[in-house]
Amino acid sequence: MFRRTFWFTTGVAAGVWATTKVNRKLKQLTPESLARTAGNKAIEAGHRIKDRAVGFALDVRDNMAVREAELGDALGINENPELPAPRRHIAIENRNNPKYVEGSAYQTYPYNRNEDH
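Residues numbered from 1 in each chain as written. Predicted model: local features only at pLDDT ≥ 70, side-chain atom pairs only at ≥ 80, totals over all residues. Heavy atoms only, no water.

- If you check an unreviewed UniProt entry, the chain appears there as Secreted protein from Streptomyces collinus.

**Structural notes on the overall build of the chain**
Here's step 1: A count of helical and extended segments in the chain gives two helices and zero strands.
Here's step 2: When burial is assessed residue by residue, the chain has 3% of its 117 residues classed as buried. (Helix = DSSP H or I, 4+ residues; strand = E, 2+ residues; numbered from the N terminus. Buried < 20%, exposed > 50% of the residue type's maximum accessible area, 1.4 Å probe, protein only.)

**Some details on a nonpolar patch on the surface**
Here's step 1: A surface patch of nonpolar side chains, about 300 Å² in accessible area, is lined by Phe-8, Val-12 and Val-16.
Here's step 2: Residue placement: Val-16 occurs in helix α1 (residues 2-28). (Patch = residues over 30% accessible without salt bridge, like charges linked within 9 Å, V, L, I, M, F, W, Y side chains within 5 Å. Areas by Shrake-Rupley, 256 points an atom, 1.4 Å probe, with all protein chains shown as cover. Salt bridge = Lys/Arg side-chain N within 4 Å of Asp/Glu carboxyl O.)

**Details of the packing of aromatic side chains**
Here's step 1: Inspection of every chain in the model, using the stated rule, returns one aromatic pair.
Here's step 2: Judged by centre distance (5.1 Å) and plane angle (70°), the ring pair of Phe-6 and Trp-7 falls under edge-to-face.
Here's step 3: Owing to a relative accessible area of 44%, Phe-6 belongs among the partly exposed residues under this scheme.
Here's step 4: In this structure Trp-7 comes out as exposed when scored by relative accessible area, which is 55%. (Phe/Tyr/Trp six-rings, centres within 6.5 Å; stacked < 30°, edge-to-face > 60°.)

**Quick notes on helix α2 (residues 31-75)**
Here's step 1: Between the first and last C-alpha of α2 there are 64 Å, a value that for 45 residues agrees with the 66 Å anticipated at 1.5 Å per step.
Here's step 2: Once α2 ends, the next one or two residues include Gly-76, with phi positive near 75°. (Expected span 1.5 Å × (residues − 1).)

**Quick notes on the pattern of salt bridges**
Here's step 1: A complete count under the given rule lists one salt bridge for this structure.
Here's step 2: Here Arg-67 and Glu-70 are joined by a salt bridge, their closest N and O atoms 3.2 Å apart. Of this pair, Arg-67 and Glu-70 both sit in helix α2, three residues apart, roughly one helical turn.
Here's step 3: Residue classification places Arg-67 among the partly exposed positions, given a relative accessible area of 46%.

**Some remarks on the environment of Ser-33**
Here's step 1: Counting through the fold element by element, Ser-33 comes out in helix α2.
Here's step 2: You can call Ser-33 buried: its relative accessible area is 11%.
Here's step 3: Setting aside residues no more than four positions away along its own chain, Ser-33 makes contact with Lys-27 and Gln-28. (Contact = heavy atoms within 4.5 Å.)

Following this line, the structure appears as structure tokens:
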């Protein structure tokens, strides 16, 4: 009698266990659950790709700065760069300016508004 009770209890426990496993798997295979799982995996993959891209960009920026410094040292640019004086262009002619020379390329004919009347 004890043996029958043992095997009956073991069978009931195995049936409950199998039923629970099957129900869990069926819930995992519903369209909503599959969509949620796929979305979560896509988000995780996106985060991994973003982290790798940011790391790559930072590495490129650091190595670029190092290489620019090496090239600047090799070419002597980093030593005390002297920039040329800024160029000035004459926007409005000033005859009182000592640089104004009659007949130069900068000479233009003045416009006299009184001549129109």
